[in-house]
Amino acid sequence: MGCIFFSIRLRKIPMSRIKAIGFDLFNTLLTIEPSALDEAVERLVLSLDMSDISLEKESFKKVHGESALRFINEARRDGRETHNRFWISFALRSQGYEIEPDDARIAKAVSAYFSAFMGHCHLIPGTMEMLETLKGPYRLGLLSNFTHPPAIREIIDSLGLTPHFDAVLISGELGYRKPHPMVFRLLIEELHVKRNQILFIGDDPEPDITGAMQAGIQPVWFTYVRDNKMPSTPGIAGMIAGDPEGDVTRISEWADLICLLDTGL
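The present account deals with the structure reproduced in this document. (Residues numbered from 1 in each chain as written. Predicted model: local features only at pLDDT ≥ 70, side-chain atom pairs only at ≥ 80, totals over all residues. Heavy atoms only, no water.)

## A look at the nonpolar core
In globular proteins that are soluble, nonpolar side chains generally tend to be buried together.
Part 1 of the reasoning: Ranked by size, the top nonpolar core spans 62 residues in total, and within it Ile 21, Phe 23, Phe 117, Trp 254 and Leu 257 carry the most contacts.
Part 2 of the reasoning: Beyond its immediate stretch of four places on either side in the chain, Ile 21 contacts Leu 134, Tyr 138, Arg 139, Leu 140, Gly 141, Leu 199, Ile 201 and Leu 261. (Core = buried A, V, L, I, M, F, W, Y, C linked by side-chain atoms within 4.5 Å. Buried < 20%, exposed > 50% of the residue type's maximum accessible area, 1.4 Å probe, protein only. Contact = heavy atoms within 4.5 Å.)

Listed below in structure tokens is the structure:
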């Protein structure tokens, strides 16, 4: 089968110049089962209950979701990453508890929340074979927006992804999230190549595509989840709106990427 990818005026950077490739994680390299979010919230509530924090579950869940949306929207506006502990603390106030975000009980509840993701994450078909093919000829980096870095590191370790990357950058460790230019600047530094020698591949138009373009990096829009009408990563952090603007190459599976690189466009 020949190459199947969509190129919209791809003239910026010849593929033959590419020396490194950066990847988004969720809905790009892996997906999460839609049921994981509901299970995560149940584990969060159970953990708080075991810490003698009794809640009216349904009202807490509602305020928890609303406060999460508030904090994440603020992070999207200014680029500074947030963390689950802040909106858990905020939601607990609605239940009459004045518990600071750094309280050990909240830390325990956050760990319980993200434990639900383990076992519910699945590699997109062909991901491991693609990484094995590209590792060596290219420097590979991972750049992900994720509030709680220990969880994401456990996920990529469990799926065998970690050894394939020369750099792993997580917004929760950097303090900023895509599309903030700082995170892409750090990716360039970690990959030890020039910005015009990097591809960045992701599914989300604003943080991945627009962010890369603004940093002088050639983006590739990966639409496997969209094209296969799969549910995106559950929760507000997984919402995707519209199509990217500007000059973009779109691929739908990893064979398209290998083919794109082989063409030397």
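Past the structure itself, the notes keep going.
## Comments concerning the pattern of salt bridges
Part 1 of the reasoning: Per the stated rule, a full pass over the model turns up 16 salt bridges.
Part 2 of the reasoning: Glu 42 is the salt-bridge partner of Lys 57, the closest N and O atoms lying 3.2 Å from each other. Remark: Glu 42 occurs in helix H1 (residues 35–50) and Lys 57 occurs in helix H2 (residues 57–78); sequence separation between them is 15 residues.
Part 3 of the reasoning: The partly exposed category is assigned to Lys 57, whose relative accessible area is 33%.
Part 4 of the reasoning: What makes Glu 42 partly exposed here is its relative accessible area of 33%.
Part 5 of the reasoning: Put simply, Glu 42, Lys 57, Glu 58 and Lys 61 are held in one network by salt bridges that share partners. (Salt bridge = Lys/Arg side-chain N within 4 Å of Asp/Glu carboxyl O. Helix = DSSP H or I, 4+ residues; strand = E, 2+ residues; numbered from the N terminus.)

## Examining helix H4 (residues 104–115)
For an α-helix, the turn length of 3.6 residues means that residues three or four places apart are oriented alike.
Part 1 of the reasoning: The terminal C-alpha atoms of H4, which comprises twelve residues, lie 17 Å apart, in line with the 16 Å expected from a rise of 1.5 Å per residue.
Part 2 of the reasoning: Where H4 is concerned, the buried positions are Ile 106, Ala 109, Val 110, Ala 112, Tyr 113 and Phe 114.
Part 3 of the reasoning: The inward-facing, buried residues of H4 contact H1, H2, helix H3 (84–93) and helix H6 (149–158). (Expected span 1.5 Å × (residues − 1).)

## With respect to the side chain of Asp 24
Part 1 of the reasoning: Within the secondary structure, Asp 24 is located in the loop between strand S2 (20–23) and strand S3 (30–32).
Part 2 of the reasoning: Here the side chain of Asp 24 touches Thr 28 through a polar contact of 2.9 Å, side chain to side chain.
Part 3 of the reasoning: Of the polar contacts made by the side chain of Asp 24, one reaches the side chain of Lys 178; its length is 2.9 Å.
Part 4 of the reasoning: Once residues lying within four places of it in the same chain are set aside, the contact partners of Asp 24 are Leu 29, Leu 142, Leu 143, Ser 144, Lys 178, Phe 200, Ile 201, Gly 202, Asp 203 and Asp 208. (Polar contact = N/O pair within 3.5 Å; in protein donor to acceptor, adjacent residues only side chain to side chain.)

## Topic: the pairing of strand S6 (residues 167–170)
Part 1 of the reasoning: What you see with S6 is no split at all: Ala 167 and Leu 169 on one side and Val 168 and Ile 170 on the other are buried throughout.
Part 2 of the reasoning: Between the parallel elements strand S5 (residues 139–144) and S6, the chain passes through H6 in a crossover that is right-handed. (Right-handed = clockwise from strand over helix to strand, strands pointing away.)

## Section: the environment of Ser 59
Part 1 of the reasoning: As for its placement among the helices and strands, Ser 59 is situated in helix H2.
Part 2 of the reasoning: Remark: the alpha-carbon pair of Ser 59 and Gln 95, spanning 36 residues in sequence, is separated by 8.5 Å.

## Let's talk about the packing of aromatic side chains
Part 1 of the reasoning: In the structure shown here, the tally under the stated rule is 13 aromatic pairs.
Part 2 of the reasoning: Look at Phe 23 and Phe 165: their rings are 6.4 Å apart centre to centre, the planes differ by 65°, and that puts the pair in the edge-to-face class. Here the residue Phe 23 occupies a position in strand S2, and Phe 165 occupies one in the loop between H6 and S6, the gap between them amounting to 142 residues.
Part 3 of the reasoning: Since its relative accessible area comes to 0%, Phe 23 is described here as buried.
Part 4 of the reasoning: Through a chain of ring-to-ring contacts, the aromatic side chains of Phe 23, Phe 165, Phe 222, Tyr 224 and Trp 254 assemble into a single cluster. (Phe/Tyr/Trp six-rings, centres within 6.5 Å; stacked < 30°, edge-to-face > 60°.)

## Here we look at the side chain of His 148
Part 1 of the reasoning: Inspection of the secondary structure puts His 148 in the loop between S5 and H6.
Part 2 of the reasoning: A residue is classified by how much of its surface remains accessible, and His 148, at 13% relative accessible area, is buried.
Part 3 of the reasoning: With sequence-adjacent residues up to four places away left out, His 148 is seen in contact with His 83, Asn 84, Val 110 and Phe 114.

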